[in-house]
Amino acid sequence: MCGIVGYIGKRRARDYIIQGLKILEYRGYDSAGLAVFDGCGKINCIKRAGYVSQLESATIGTEGNCGIGHTRWATHGAPSDVNSHPHTCGKFTLVHNGIIENFVSIKSQLANKGKRFLTQTDSEAIAVFLDDVYDGDVIKALSAALKKLKGSFALAILCKDFPDKIFVVKKQSPLVVGIGDAECFVASDCMAFSQYTDKAVYLKDNEIGEVSSQGIKLFDGNGNRKAVKIEKTATEYFAPADCKSFMYKEIYEIPKAVQYTAEEFFANDEKKLGVVDIFSKNDKVVMIGCGTAYNACLVGKNIFETVLRVPVEVELASEFRYKNPIIDDKTVVVAVSQSGETADTIAGVRLAKSKGADVVVITNVAHSSITRYADMVLHTKAGAEVAVAATKSYLTQILLFLCVATVLSDDLKSVAAIKKEIESLPQLTQKTLALDEQVHKLAKEFCKKQSVFFIGRGLDYALALEGTLKLKEVSYIHSEGFASGELKHGTLALIDKNALVIAVVTQRHVAEKTCNALHEVQARGGKVVIITPFEKAKNDVECDAFLQLPSSSGLIAPMSAIIPLQLFAYYMSIERGINPDKPRNLAKSVTVE
Ligand code: G6P
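Every value quoted in this text rests on a predicted model; they were computed, and no experiment measured them. (Residues numbered from 1 in each chain as written. Predicted model: local features only at pLDDT ≥ 70, side-chain atom pairs only at ≥ 80, totals over all residues. Heavy atoms only, no water.)

Draft legend 1. Inspection of the layout of surface pockets at higher detail. Here the largest pocket defines a volume of roughly 750 Å³. Tallied by class, residues from the lining of the largest pocket come to 18 nonpolar, 13 polar and 14 charged. There is about 470 Å³ of room inside the second largest pocket. Mapped onto the lining of the second largest pocket, the elements with two or more residues apiece are α9 (291-308), β18 (331-337) and α15 (459-475). Partitioned by chemical class, the residues of the lining of the second largest pocket number 11 nonpolar, eight polar and two charged. (1 Å grid on protein atoms, 1.4 Å probe; cavity = no way out; pocket = protein on both sides within 12 Å on 5 of 7 lines; lining within 4 Å. Points joined across faces, edges and corners; volume = space filled by probe spheres on them. Nonpolar A, V, L, I, M, F, W, Y, C, P; charged D, E, K, R; others polar. Helix = DSSP H or I, 4+ residues; strand = E, 2+ residues; numbered from the N terminus.)

Listed below in structure tokens is the structure:
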């Protein structure tokens with residue numbers, strides 16, 4: 001939710017800022033802006049509604065070696081030139097990621113003092129507040145801001161009195177400072193500067209930083225100096241989408257993502273022992289996540305219940321955090337988050353900790369905020385995922401549930417079988433990608449549909465929910481996922497000759513049941529597509545399209561079946577003229593409530 005960057009050093013700041021903002025555009029892309037000291041003490045501030053590419057052309061020729069930038073996902077105030085960041089008041093120009101919950105009262109207090117506001121944003125209130133309290137000591141002003149502001153914020157700030165410094169503050173939104181050779185980089189995500197340095201300082205909540213070309217000085221919320229810890233960043237180099245789009249590229253990275261995730265998990269004996277320890281000392285398992293991560297938890301529940309015969313509760317993190325959940329010190333909460341920055345999931349984890357539960361985090365980002373609250377972190381090795389729609393990360397999350405199940409199960413025979421299947425996953429997913437052209441044809445045929453239903457039973461129902469989320473996210477087509485047995489309890493009323501129903505059939509014991517539901521659809525004139533590894537299903541239903549998956553066992557098959565669903569969403573988006581990487585109204589990393 002909003003990306004911030006900053007640069008100070010020997011390069012032209014504008015070039016790094018534009019490059020960094022392009023990398024962070026997954027965090028928000030309704031407007032962008034930058035502010036750079038011109039070398040004579042003046043700040044040039046340029047901001048625009050629209051993509052970073054529009055800002056790029058508007059800032060050609062902007063000179064200066066110290067500056068900040070922002071790519072926005074609007075929370076307060078419509079996307080417009082004036083509401084774009086940076087915001088300026090007096091000597092202060094700043095960019096903000098997060099939400100200031102008490103901005104209305106701050107604004108009215110400042111307005112009563114005669115201060116003027118130019119925008120509808122919460123962020124402007126910070127600049128005006130700083131200008132109001134500033135007496136020449138920026139750290140003191142920032143300490144006052146930390147005490148005054150409620151909510152979440154990562155800030156990068158320029159102050160006219162210090163043209164060779166960037167000030168940074170962090171509370172609940174991510175902020176990292178990359179340490180280079182006589183240069184420093186500021187970013188919401190180290191991916192923005194990973195090609196320049198792998199040394200970084202990850203700010204903690206309520207910390208203030210004074211960044212110069214020589215490094216960073218850290219202060220606590222009261223303005224006292226703190227020791228600086230430089231860490232090695234974990235993100236691999238950000239690879240641009242040289243082909244169709246990030247979403248497409250990332251679907252094609254699935255075979256490698258699953259290979260690396262499994263290798264990492266099984267190579268680490270300490271981690272495996274830790275898993276056994278944490279799960280065996282608890283007697284309740286709850287899984288939480290948002291969006292695709294939640295859908296992965298639904299699959300995880302099915303895997304745990306099938307393999308381990310252990311009951312599992314799954315909750316949307318946004319619900320869990322406000323419901324006084326029945327958990328205690330005998331509960332293990334498994335929190336799943338690709339980014340590790342989702343505000344609702346982090347809040348759920350904090351709540352779980354406050355109730356004495358153990359927390360296992362499954363995340364794709366090693367230094368992400370959520371890891372700080374975890375008793376154990378299981379790392380998906382999907383590599384940087386940039387497209388808003390999660391694809392490869394979903395498979396690696398499910399894979400980790402399978403891996404965990406293998407170390408917890410005492411049924412050696414089934415463990416051996418699952419491990420063999422896991423080994424075959426890179427190949428299986430690679431083979432499944434061969435359905436690409438067939439899926440593209442389908443999308444061409446059905447891209448004008450106004451509504452698409454996905455159905456399945458058991459594990460396939462969980463997949464149907466993910467298939468439907470993908471389609472909605474990137475094609476804007478109304479879509480719903482149903483347990484196939486439920487169609488007749490209401491949804492069948494929606495089925496007529498305009499309906500398209502896509503059935504996922506990977507669970508042998510319920511395959512016929514889903515096929516029966518398809519007959520009911522066809523009897524009402526609906527179009528029917530089947531995705532299955534079972535050839536026999538072709539004879540059971542005369543469908544409009546049949547996508548044959550490579551054969552695999554029940555627990556692994558969903559990992560292959562999701563690939564055509566992701567490709568379908570991707571091609572539907574393309575056929576409808578939408579950019580699948582930047583769907584309207586969405587952002588990849590939702591760091592606000
Ligand atoms: C956003 C993204 C979704 C993602 C969800 C959870 O809504 O658009 O694609 O599934 O956040 O993200 P997380 O990083 O916690 O997995």
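Draft legend 2. Expanded view of empty space enclosed by the protein. Within the structure shown, the criterion is met by three cavities of 30 Å³ or more. Of the voids in this model, the largest cavity is the one considered here, and its volume is about 80 Å³. Taken together, 14 residues make up the lining of the largest cavity; nearest its centre are Cys-2, Trp-73, Thr-75, His-85 and Gly-98. Here the lining of the largest cavity takes three residues from strand β6 (residues 92-100), the largest share from any one element. For the lining of the largest cavity, the residue count by class is four nonpolar, eight polar and two charged. Of the volumes computed, that of the second largest cavity is approximately 40 Å³. Around the second largest cavity, the lining residues are Phe-279, Phe-304, Val-334, Val-360, Ile-362, Leu-378, Phe-401 and Val-404. At the level of elements, β19 (358-363) and α12 (392-408) are the ones that each hand at least two residues to the lining of the second largest cavity.

Draft legend 3. Expanded view of the pattern of salt bridges. A full pass over the atoms with the stated rule returns 30 salt bridges. A salt bridge links Glu-56 to Lys-22, with the shortest nitrogen-to-oxygen separation between them at 2.7 Å. Highlighted residues: Glu-56 in helix α2 (residues 52-58) and Lys-22 in helix α1 (residues 13-23), separated in sequence by 34 residues. Exposure remark for Lys-22: the relative accessible area of 38% places this residue in the partly exposed category. One salt bridge connects Glu-466 with Lys-470, and the closest N-O pair in it is separated by 2.8 Å. Of this pair, Glu-466 and Lys-470 both sit in helix α15, four residues apart, which is roughly one turn of that helix. (Salt bridge = Lys/Arg side-chain N within 4 Å of Asp/Glu carboxyl O. Buried < 20%, exposed > 50% of the residue type's maximum accessible area, 1.4 Å probe, protein only.)

Draft legend 4. How the structure looks around the site of the ligand. The environment of the ligand is made up of 14 residues, and the closest members are Thr-292, Ser-337, Gln-338, Ser-339 and Thr-342. Residue Thr-292 places a main-chain N or O atom 3.0 Å away from an oxygen atom belonging to the ligand. Note that an oxygen atom of the ligand is positioned 2.6 Å from one of the side-chain N or O atoms of Ser-339. Considering the ligand on its own, with 390 Å² of exposed area, one finds that the protein chains cover 89% of that surface. Because more than half of its atoms lie within 2 Å of the grid, the ligand is assigned to the second largest pocket. A total of three residues in the shell around the ligand trace back to one element, the largest contributor, which is α9. Of the residues contributing to the shell around the ligand, the split by class is six nonpolar, six polar and two charged. (Near = heavy atom within 4 Å. Polar contact = N/O pair within 3.5 Å; in protein donor to acceptor, adjacent residues only side chain to side chain. Areas by Shrake-Rupley, 256 points an atom, 1.4 Å probe, with all protein chains shown as cover. Sits in = over half its atoms within 2 Å of the grid points.)

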